[in-house]
Amino acid sequence: MSTIVEQVSGAASEAAAPERALRPPSYWPFVVPALVTVLAVIIFPWLFTIWMSFQEWKVGSPTAFVGLSNYLRLPADPRFVESVGHTLSYTALSVLLPLVLGTLAAVVFHARFPGRGLLRALFIMPMMATPVAIALVWTMMFHPQLGILNYLLSLVGLPPQLWVFHPGTVIPSLVLVETWQWTPLVMLIVLGGIASLPTEPYESAQIDGASTWQMFRYITLPLIMPFLFIAAMIRAIDAIKSFDIIFAITQGGPGSASETINLYLYSVAFVYYDLGYASAIAVVFFALIVALTALLLVLRRRAQWNALGTDT
Amino acid sequence: MSAHTILGRLGLALGVFLIVSPAILFFLWMISLSVKFEVDNAAYPPVFWPEHFAWKNYTDVLSSNRFFTYFKNSLLVTGGATALAMLVGVPAGYGIARMAAHKSAIVILIARITPGLSYLIPLFLLFQWLGLLGTLWPQIIIHLVVTVPIVIWIMIGYFETTPIELEEAARIDGATRWQVFRHVALPVAKPGLAVAFILAVIFSWNNFVFGIVLAGRETRTLPVAVYNMISFDQLSWGPLAAAALIVTLPVLLLTVFAQRQIVAGLTAGAVKGG
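Thresholds, definitions, all that
- Just so you know, the residues in each chain are numbered from 1, in the order the chain's sequence is written.
- For naming, the first written chain is A and the first written ligand is 1, with later ones following in the order written.
- The predicted origin of the model limits local features to residues at a pLDDT of at least 70 and limits the giving and counting of side-chain atom pairs to 80 or more, whereas totals for whole chains, interfaces and linings rest on all residues.
- The numbering of helices and of strands both runs from the N terminus, where a helix is a DSSP run of H or I of at least 4 residues and a strand a run of E of at least 2.
- Two residues qualify as being in contact provided that their C-beta atoms, derived from the backbone, are within 7 Å of each other.
- Nonpolar core, as used here: buried Ala, Val, Leu, Ile, Met, Phe, Trp, Tyr and Cys residues forming one set through C-beta atoms within 7 Å.
- In this scheme every C-beta is placed from the backbone, and a residue whose C-beta has 20 or more other C-beta atoms within 10 Å is buried, one with 12 or fewer is exposed, and one in between is partly exposed.
- Take the residue count of a helix, subtract one, and multiply by 1.5 Å to get its expected span.
- UniProt positions are given in the numbering used here, feature names are shortened, and annotations may be inferred rather than shown by experiment.

1. Side note on the overall build of chain A
When you go through chain A residue by residue, the secondary structure sums to 13 helices and 2 strands. Long-range pairs, those at least 24 residues apart, make up 68% of the contacts in chain A between residues at least 6 apart in sequence.

So, in structure tokens, the structure goes:
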């Protein structure tokens, strides 16, 4: 591909200035500094992590090659197994809720109304704000006695909740924060999708007397499916790695009720300094993220295939 | 105006209100918490607009000399990591776009899906071995994990859309590759530079996970310092909320004033990220 482009452009310039006979330019010098940086801070850490995952490596004691035993420890480690469950439920909710709300928000923001620019800026603030700073305020809002959320519940006649202070409600409460924070990103992606849609189907649907809901359900929704898949994939990748909000609000607690893989990885690495085992967790965690991404890609392909099937 | 369009407008207004209010109310409540004395913050029912404003919360945070150390650290880490990322990332984006080396984007994708903590373990050991812990260098270097992929990604997108004809004309006139890049390609890609710069600054400024492991007492950035306020020094809400607001204020202002660039960058990155 690249050679064709270079040949074509080379031929074009030769034709224009035959006496110069320009060589196709090499762009490698532009890339080398970044390549060195990426090798140092991204590739090297990855290789080192994989190598470390085969070592018994605790800070302060000598290292030893232990083969796969770090990996074999994982299924027998109840805290790890439990953290996988927490991660999956946290991720599933943190994909679904922003996806639904973000799509609704995109439909609303697609309309023209006064103050749209400013309101959109305010709407995307949660995802740009410093996560630790907003986590701190959410912690105050979750407070069972003094928090504003229980006061708001009391206004509509609902009983007070323990929010992040109870094992049963901690994950939904954290998902609430995550949803509040990341619905705007879904909105932006879907809004880009809606803005690119053709207007003809809507015009003919209107002539046929379709309702707004019917137009959304049968025209908009199928057409923006590719964008919803992209949004879901990005959301899944970000939610499964979520760290700042959980760490700052609950540190995985109460007990270990909100300990996701990422938080457990942190504890193993930087509280217990069991670096070999932590590296094995990091590798498995990464594999899980890749698997999730691949799964969503497969679903997307199948959805496209189905759409093609119904079309023809 | 028919009854139908009036109803439609009311519905739209209600929809806008429902969608935007969680964000607006949250930040209003954050401001409210930050300007109240303990009495008002512990009041039930909650007080939104206090009789006496506790500006003291802000002056306390700003006048502590630690705060300026942390502010300076944040500035140096974010500034250093962004400047280095622009320096290596912008030419790289140009080179990759011109070579049409789309496969190299895989590395950026890997960087995008890798949890930050996985970089921390090996780099922590490396910095320890190099004797760099205790300085700001470990944080500047590890923030490159965040900033370099953003800059390369966004710049590839921009250089792919800039016309190649101008560059070819300049080369025929005898300009070197570097001159073509510097005087022809770069000026055209200015909007892209702004987008890459702004997003790199925001994501580096907000970063927390690298700091909690690599920062010592003297090398904390603002997000880490605020987190430490929760766990150790402070239990009263007013000063905490004030500190939180000060930390995130630069980013919020940037969001309002550079909204167009941020939206362009995020959606480009997002759509291509798929």
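2. What to know about the nonpolar core
Ranked by size, the top nonpolar core spans 169 residues in total, and within it A:Leu265, A:Ile281, B:Met155 and B:Ala244 carry the most contacts. Tallying contributions element by element places helix 7 (residues 137-161) of chain B first for this core, with 16 residues. Setting aside its immediate chain neighbours within four residues, A:Leu265 contacts A:Ala278, A:Ile281, A:Ala282, A:Phe285 and B:Leu117.

3. Focus on helix 10 (residues 190-206) of chain B
Residues and elements named next belong to chain B. Between its first and last C-alpha atoms helix 10 spans 25 Å; for 17 residues at 1.5 Å apiece the expected length is 24 Å, and the two agree. The buried count for helix 10 comes to 12 of 17 residues, which makes it a mostly enclosed element. Among the residues of helix 10, those classed as buried are Gly192, Val195, Ala196, Phe197, Ile198, Leu199, Ala200, Val201, Ile202, Ser204, Trp205 and Asn206.

4. Some thoughts on the environment of A:Leu162
If you trace the backbone, A:Leu162 turns up in the loop between helix 7 (148-155) and helix 8 (170-195). With 43 residues separating them in the primary sequence, A:Leu162 and A:Ala205 have C-alpha atoms 49 Å apart.

5. Side note on the UniProt feature "transmembrane region" (unreviewed entry) in chain B
Following the UniProt record, the feature "transmembrane region" (unreviewed entry) maps to residues 12-31, 75-97, 109-130, 136-159, 192-215 and 235-257 of chain B here. Counting secondary structure, residues 136-159 of chain B comes out at 96% helix and 0% strand; the distance between its end C-alpha atoms is 33 Å.

6. Remarks on unusual backbone geometry
The residue after A:Gly253, namely A:Pro254, is reached through a cis peptide bond having omega -5°. Mapped onto the fold, A:Pro254 is located in the loop between helix 11 (244-249) and helix 12 (261-270). In the segment running from B:Tyr44 into B:Pro45, the intervening peptide bond is cis, with an omega of -5°. Position of B:Pro45 relative to the elements: it lies in the loop between helix 2 (38-41) and helix 3 (56-63). The residue A:Trp163 is not glycine, and still its phi comes out positive at about 50°. Under the C-beta neighbour-count criterion, A:Trp163 is labelled buried, with 23 such atoms within 10 Å. In this model, A:Gln251 sits at a positive phi of 50°, which is unusual for a non-glycine residue. Position of A:Gln251 among the secondary structure elements: in the loop between helix 11 and helix 12.

7. Looking at the UniProt feature "transmembrane region" (unreviewed entry) in chain A
Residue and element names in this part refer to chain A. Mapped onto this numbering, the UniProt entry gives "transmembrane region" (unreviewed entry) at residues 27-48, 88-109, 121-141, 218-237 and 275-299. Between the C-alpha atoms that bound residues 27-48 the distance is 30 Å, and the span itself is 95% helix and 0% strand. Taken end to end, residues 218-237 is 100% helix and 0% strand, and its two terminal C-alpha atoms sit 29 Å from one another.

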